[in-house]
Amino acid sequence: PLDDQGVRRILMSALQDPERGYGKRATHIDEDALEHLIRVAGGDARNALNALELAVESTLEGEDGAIHITLEVAQESIQRRAA
């Protein structure tokens, strides 16, 4: 298992990487949402990335064209993943 900082680096890389992540899309995540994804992943990068993917792909773009992942969205993505 990875430590929290390792999972954070992987999630941030996925959000910023234009080739293998969401770097070409305007995607913003609140700090509390990021912390929630890290905590629930339990050191498993794959779980964290799957939850992030669900959060990004299931959230509509705002008026500014950006996807905004809030704590509520992060919690919902974890629940969907569990189901």
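In this report, the structure presented in the accompanying data block is examined. (Residues numbered from 1 in each chain as written. Predicted model: local features only at pLDDT ≥ 70, side-chain atom pairs only at ≥ 80, totals over all residues. Heavy atoms only, no water.)

**Brief notes about the overall build of the protein**
Piece 1. Looking only at helices and strands, the protein has 4 helices and 2 strands in total.
Piece 2. Whereas a compact globule of 83 residues would reach a radius of gyration of roughly 12 Å, the protein reaches 12 Å, a difference of no more than 12%.
Piece 3. Seen through its C-alpha atoms, the protein measures out along the principal axes to roughly 35 × 25 × 20 Å.
Piece 4. Going through the 83 residues of the protein one by one, you find that 37% of them count as buried. (Helix = DSSP H or I, 4+ residues; strand = E, 2+ residues; numbered from the N terminus. Rg over C-alpha atoms; globule rule 2.2 N^0.38 Å. Buried < 20%, exposed > 50% of the residue type's maximum accessible area, 1.4 Å probe, protein only.)

**Points about the side chain of T27**
Piece 1. Its place among the elements puts T27 in strand β1 (residues 27-29).
Piece 2. You can call T27 buried: its relative accessible area is 12%.
Piece 3. Contacts of T27, omitting those with residues within four sequence positions, involve L15, Y22, V56, I67 and I69. (Contact = heavy atoms within 4.5 Å.)

**Brief notes about the side chain of H36**
Piece 1. For H36, the location among the structural elements is in helix α2 (residues 31-41).
Piece 2. You can call H36 buried: its relative accessible area is 12%.
Piece 3. Excluding its chain neighbours within four sequence positions, the residues that come into contact with H36 are L71, A74, Q75 and I78.

**Brief notes about the environment of G65**
Piece 1. Relative to the assigned elements, G65 resides in the loop between α3 (45-57) and β2 (67-69).
Piece 2. For G65 and N50, which are 15 residues apart along the polypeptide, the C-alpha to C-alpha distance reads 23 Å.

**Some points on helix α1 (residues 4-16)**
Piece 1. Helix length check: α1, at 13 residues, gives a terminal C-alpha distance of 18 Å against a target of 18 Å (1.5 Å per residue), a fit within 8%.
Piece 2. For α1, every residue scored as buried is listed here: G6, V7, R8, L11, A14 and L15.
Piece 3. Those residues of α1 that are buried lie in contact with β1, α2 and α3. (Expected span 1.5 Å × (residues − 1).)

**Things to note about the nonpolar core**
Piece 1. Of all hydrophobic cores here, the largest spans 21 residues; its most connected members are V7, L11, I29, L37, L52, V56 and I69.
Piece 2. Only α1, α2, α3, β2 and α4 (71-82) provide two or more residues apiece to this core.
Piece 3. Setting aside residues no more than four positions away along its own chain, L11 makes contact with L34, L37, I38, A48, L49 and L52. (Core = buried A, V, L, I, M, F, W, Y, C linked by side-chain atoms within 4.5 Å.)

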